[in-house]
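Working through the structure, step by step
In case you want the letters, here they are:
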Number of protein chains: 2
Amino acid sequence: MQMEKHSELFNEIDEIVHPNSIALVGASSRGRLYWLKSIIESGFEGAIYPVNPKVDGVMGIKFYKNLLDLPGDVDLVIVQVPAAVVPKVVQESVMKNAKCIVIFSSGFSENSEEGAELEKKLVKAIRGTRTRIIGPNCVGIYCPESRVSFRPDTCMEPGPVGFISQSGGHAINFAIVGKSIGLLYSKVFSYGNACDLGSPDFLEYLAEDEKTKVIGMYIEGIKDGERLIKSLKKATEIKPVVVWKGGRTEAGARAVASHTGSIAGSAKIWDAVFEQTGAVKVKDFEELLDTVSVFVFCPPTTSKNLGLVSISGGTSVSNTDFCIEEGFNVPELSYKTREKLSKFVQSMGTSVKNPLDLAGSYNYPGVLENVLGILGEDQNIGSVIFDVQVQYTILVEKLADAQVSKIIYSGMLEGCKKIRYQSNKPVLIILPRTFYEEELKKVRNLFINEEFPVFPSITSAAKALRNFIKYNKRKGE
Amino acid sequence: MQMEKHSELFNEIDEIVHPNSIALVGASSRGRLYWLKSIIESGFEGAIYPVNPKVDGVMGIKFYKNLLDLPGDVDLVIVQVPAAVVPKVVQESVMKNAKCIVIFSSGFSENSEEGAELEKKLVKAIRGTRTRIIGPNCVGIYCPESRVSFRPDTCMEPGPVGFISQSGGHAINFAIVGKSIGLLYSKVFSYGNACDLGSPDFLEYLAEDEKTKVIGMYIEGIKDGERLIKSLKKATEIKPVVVWKGGRTEAGARAVASHTGSIAGSAKIWDAVFEQTGAVKVKDFEELLDTVSVFVFCPPTTSKNLGLVSISGGTSVSNTDFCIEEGFNVPELSYKTREKLSKFVQSMGTSVKNPLDLAGSYNYPGVLENVLGILGEDQNIGSVIFDVQVQYTILVEKLADAQVSKIIYSGMLEGCKKIRYQSNKPVLIILPRTFYEEELKKVRNLFINEEFPVFPSITSAAKALRNFIKYNKRKGE
C-alpha cells in the first residue's frame, strides 16, 4: 500500500478491507457459526471476537457478552442480530472505533416502512464518526489478501478481478463459480441496501487499486446517479468495468424492491449510462463471468476476424453461424496458410478453409499443436476459438487402449500457447456439456492452469469476445 | 412392429434399423476397429461380418476377404474404405441383397467435382434394386432397440426421442450429451450428403414410429424442398418436430458446402418453412437439446405465467428479468397463496410475492417440499422454474456437520413431484455452473431419475419453455 498517492476514500476503504481485528456480533451455534467459520477457515490472522451474551465459548474460542466488553478497539464488526437490535450494535461499534460495520441482518428498507425508519437510524448513528457501514442486507467483504471472506470455501489466492455486487447471492456465486474457470479475486464487495457505502464508493476504490485489473459489477438500483456516472467514466478510463444491471423489467424491478429496497430505474436510462461511460454492458450472470474472463486472460485485439477450429463439420457450421450472427467474420484463410495446414490435415472429410474441420486428423499426435500455431500466424485472423470435445478423445483412448489422450491434450495446449506467445492473439476454449464430466473437468483444469479462458458454449465465448472487442475499439487499443 | 398399417417407406426404413446381420467393410486395426467395437459393445445380437482382405482375424473374430465371400446375404453394410473403392462395395452389397449401405467414407460431393461424380455412380448402382444408401460422409444409425450404434458408448436403453442429423458430429454429440440430462432415444439417423435416403425419408419414418414421441433435426441443406415441407407439416400434426438449421449465414453456408456438399439456402426461406409447417425452430445445439427435453419431460401448457423459486434475491431479480424479456409473465401471487407460503418462509430477508426468494429458509427441512407444492397450486401459475444452487446446500452440510443435504434434496424432489402430479404443471430445474461439480452431478441425477428436465441456466430453460408453449398454442392444447 502506497497510501500517499491515493484519495482519502481509497485509504478509508483499503483500511476496511485490511482489518487487524474482527468482531462477530450475533455469532450463535443455532446459526451454524456461519460467520465465525468463514473468518477462521479463510485464515484470518488478526484478533477474532465473537459476541453473544448467551454463549460462553465454542470450538475453544472465547465469546464476549457485549461489544463494549472487548479488550480494545475493533476494526471490522460483522452483525447478524435481528434488525431491531442493530442500531444498538452500531452505536457500540462507533464507541469501539470500528472502521466499518458489515450488516448481514435484513429487515430494513427492503422489507417495510418500519425497516426503512430503522435504516435511517443506522446512518444517523455513524454521522460525524470515522465508522462506515456496508449493508444492511448484504454479505460484505471477500479479500483474499487480508484473508477475510464471506464464505468458508472461497479461494484465498489473490488475483486481478474486483467485483461489486448489490446482491449477496451473486457475490457468492461469482466467487464460487469463478473458482471453476480460474478467476482469482482482489476484492469482492456485497453492499445490499447501501445505506452508507455504495457502488460508486467501491468503484472509485477498485479503480484506484493497483491490484485490480478488471472490475465486475451487479447493480440493482442507485441513489446518486450522477455520482455513479462520474465514477464509471473515471474507472473505465483506467480499466474495464463490466456491468450487469438487475431489474431491467417491471417484474424484475418489483423483485429489486423486495430484495434491496432499491428503485431499479428505466432500462433505457441505464443503457444510455453504459454507452456514455464506456462501461461494458452484460445481460446475465453467465455473460458477466465469461466477459470478465476474456478481459483477464486475453491480450487486447480489435479484430473481428475469427479462426474457428473443431473436430466436426457440423460444429464448424454451427459455430460459424453463431459467430457471424454476433457480428464476427470467419474469413477464408490465405492460400499460404492453407498449404501449410494441409501438411498436417488429411484431405478427406476435413476442411482447412476456416472454419477448420479436422475430423479424423484431430486426434493424431502433433496435428493440433501445428494446426493451431499456423492458424494463429495468419495475419487475417484476430482471435482463435477452439472447440474441444472430450467425447472424441476419450473414445480414441478407449479404442486404442493407450495413453494417447495425454499426448493429444498436451498438443492442444502447445498449439494454444503458440497462438498466445508467438502470435500474441486471444484464444478461447470451448468445452461443451458432455456425459464425460470428469474428463471435461480434467481438461478444463489443464487450460485453466495455463491461464486460457474456458467457456461452456460457442454462444458464451462469442458474446464475451464481442464485449471485449467493443471495449478495446473504444479505448483505441 | 405392426407393419400392416404402415407406409412402404416406414417398413423399408424399419427393416434397415432392425438388421439381422451387419457387414463392416474396411474394418482395420489401423482404424482402431471403431466400427467393429461400436457394434460389438452396443450388444448387437445378429451376425457380424468384418471385411478386410489384409486381415485374417482380430479379437477372435473371423475377417472376410470380400463381401461376396460372406456365407449368405447381409442386411446392413457399413463402409469405411477410401472413396474410390466405394462404388465397387456398393455393387457387391446389392449382390448380397443388402437392405442398406451406410457410407462412412468421405471424399464425395462435399470434397470435389470428381467426388460428386463418384457419388452419382453410387446412386446409379442401387437404382432399381431393393438396396438403399445412407450417406456418404455420415455415421448412420443408432437404434438402442436393435442394439445398433455408431459409437461404443451410447446408452442402449430405448426412449422416446428420435433425431435426424445431417452432421455425424451433431448426431454423436446429441446422443452423448443427451445421456447427461436423461434423454433416451428411439432412433438416431446421421445422413451426410444424402445421395439416396435423406431428411424427409427419416422424418416420415419417425412420424409414423409409435416409439418416437419427439423428433429433433439438424439440417444443413435439402434437395427436394417441397417434399421436406410436406413431411414437416405431416409430422408436426402428429408430434413435435424441433429443427435446428445450420448454415444460416454466408460463411456458415460455405462451411456447409465443405461439410456435406449441400446448398444451405436463405435463412428467410427457412424461417418461412418453420412458420408454415409448425416445426419448432431452434438456433443452436443447446437450445435443441433443452427444447427436446421440455417436450419429453413436461405436461403440455399454454400459460406464460411463471412461478420462480431460488435461494437468493439477486438470482430472483435476474431470473425474472430474463423470463420477462423472453415474453413470460411473473405474476404476483394471490393473497391466499402468500398467506400459505408465509407459514413456511421466515419474514426477514425473503420474499413470497413471486419471484420467491427463500434465503435462509431454503435450507430448512420441510420448507421446499411445501413451498413448491403451494406455488404449483396457485391458479395464476402455469409453470414453475426452480433454481437449485448446490453451493448453498453443500455449505450447510459442511457447517452443520450433518447429513442435512439429503433431507433438503429429498424435500426439493417431493415439492417438484407435487407440482407435476397434483397440479399437472411443468417444473424446470436450473442447475447452474458451480465449483462443486460432483455435488451438481449428484443432484442432477436425482432430478433426472424422477424425469424432471434440467438446465444449466435460466436462459436455456426459458428459451426451451417458450418454444414448448408456442408449439402447444398452435396445436390448441
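Quantities reported herein were computed from a predicted structural model and do not represent experimental measurements.

Side chains Leu76(A) and Ile78(A) project from strand E5 (residues 76-79) of chain A onto one buried face, and the interleaved Val77(A) and Val79(A) project onto a second face that is buried too. As for the winding sense of the linkage, the β-α-β connection from E5(A) through helix H3 (residues 86-95) of chain A to strand E6 (residues 100-103) of chain A is right-handed.

Taken residue by residue, the interface counts 68 residues in chain A and 68 residues in chain B. With 11 residues, the top contributor of residues to the side of chain A that touches chain B is helix H11 (residues 313-325) of chain A. When grouped by side-chain class, the residues that make up the side of chain A that touches chain B number 24 nonpolar, 28 polar and 16 charged.

Once that is clear, we can look at helix H17 (residues 458-475) of chain B. Residue and element names in this part refer to chain B. Taking 1.5 Å per residue, 18 residues should reach 26 Å; H17 reaches 26 Å between its end C-alpha atoms and fits that length. By the burial criterion, the buried members of H17 are Ile458, Thr459, Ser460, Ala461, Ala462, Lys463, Ala464, Leu465, Asn467, Phe468, Ile469 and Tyr471. Buried positions along H17 lie against strand E13 (280-282), helix H10 (285-297), helix H11 (313-325), strand E16 (383-387), strand E17 (427-430) and strand E18 (454-455). Just beyond H17, the residue with positive phi is Gly476, at close to 75°.

Let us now look at the domain arrangement of chain A. All names here are of chain A. Split into domains, chain A comes out as domain 1 (3-295) and domain 2 (299-475). When each unit is reduced to the centre of its C-alpha atoms, the spacing between domain 1 and domain 2 is 39 Å. Opposite the 13 residues of domain 1 that make contact, domain 2 presents 14 residues. At the level of elements, strand E13 (280-282) and helix H10 (285-297) are the ones that each hand at least two residues to the side of domain 1 that touches domain 2. Ranked by the residues each element gives to the side of domain 1 that touches domain 2, the list is headed by H10, at 7 residues. Taken together, the residues of the side of domain 1 that touches domain 2 sort by class into 6 nonpolar, 4 polar and 3 charged.

If you look at the biggest cluster of nonpolar residues, it comprises 309 residues, and the most contacted ones within it are Val102(A), Val371(A), Val102(B) and Val371(B). Residues contacting Val102(B), with those up to four places away along its chain left out, are Leu76(B), Ile78(B), Val79(B), Ile134(B), Gly135(B), Cys138(B), Gly140(B) and Ile141(B).

Residue and element names in this part refer to chain A. What the 5 strands build is an open sheet, ordered E15-E14-E16-E17-E18; its pairing is parallel. Two strands lie at the open edges of the sheet, namely strand E15 (356-357) and strand E18 (454-455), each paired on one side alone. For strand E17 (residues 427-430) and E18, the ladder comprises 2 bridges, and the chain directions are parallel. Among the inter-strand pairings, Ile429 is bridged to a residue of E18, identified as Val454. Strands in contact with H11 are strand E14 (306-310), E15 and strand E16 (383-387); relative to E14, the strand with the most contacts, it is inclined by about 150°.

Another point: the relation of the copies chain A and chain B. Both copies of the chain are related by one operation, a rotation about an axis with a shift along it. The two copies are related by a screw operation: chain A maps onto chain B through 180° of rotation and 0.0 Å of translation along the axis, at an RMSD of 0.0 Å. Classification of the inter-copy transformation places it as that of a two-fold axis. With an isologous cut-off of 70% or more, the 100% of interface residues of chain A that recur at the interface of chain B puts this contact in the isologous class.

All names here are of chain B. Within the fold, Arg132 resides in strand E7 (residues 132-134). Among the residues examined, Arg132 registers 18 C-beta atoms within 10 Å and is labelled partly exposed. Placed 34 residues apart in sequence, Arg132 and Ala98 show a C-alpha to C-alpha distance of 8.1 Å. Once you skip the residues sitting within four places of it in the chain, Arg132 turns out to touch Glu12, Ile16, Lys99, Cys100, Ile126, Asp196 and Leu197.

In this model, Gly135(A) is joined to Pro136(A) through a cis peptide bond whose omega is 0°. For Pro136(A), the position within the fold is in the loop between strand E7 (132-134) and strand E8 (140-142). Residue Pro355(B) is reached from Asn354(B) by a cis peptide bond, and omega for that bond is 0°. You can see Pro355(B) is positioned in the loop between helix H12 (335-342) and strand E15 (356-357). One non-glycine residue with positive phi stands out, namely Glu451(A), at about 60°.

Another aspect to go through is the pairing of E16(A). Residues and elements named next belong to chain A. Here E16 lies mainly inside the structure; 5 of its 5 residues are buried. Here E16 shows two buried faces, one formed by Ser383, Ile385 and Asp387 and the other by Val384 and Phe386. The sheet contact formed by E14 and E16 spans 4 bridges and is parallel. Residue pairing across strands places Leu306 opposite Ser383, the latter belonging to E16.

Quick notes on the rules
Residues numbered from 1 in each chain as written. Chains lettered and ligands numbered in written order. Predicted model: local features only at pLDDT ≥ 70, side-chain atom pairs only at ≥ 80, totals over all residues. Buried ≥ 20, exposed ≤ 12 C-beta atoms within 10 Å, placed from the backbone. Helix = DSSP H or I, 4+ residues; strand = E, 2+ residues; numbered from the N terminus. Right-handed = clockwise from strand over helix to strand, strands pointing away. Contact = placed C-beta atoms within 7 Å. Nonpolar A, V, L, I, M, F, W, Y, C, P; charged D, E, K, R; others polar. Expected span 1.5 Å × (residues − 1). Domains from an automatic or database assignment. Core = buried A, V, L, I, M, F, W, Y, C linked by C-beta atoms within 7 Å. Pairing = 2+ DSSP bridges. Axes fitted to C-alpha atoms, helices over the stretch in contact; angles between N-to-C directions. Least-squares fit on C-alpha atoms with pLDDT ≥ 70 in both.

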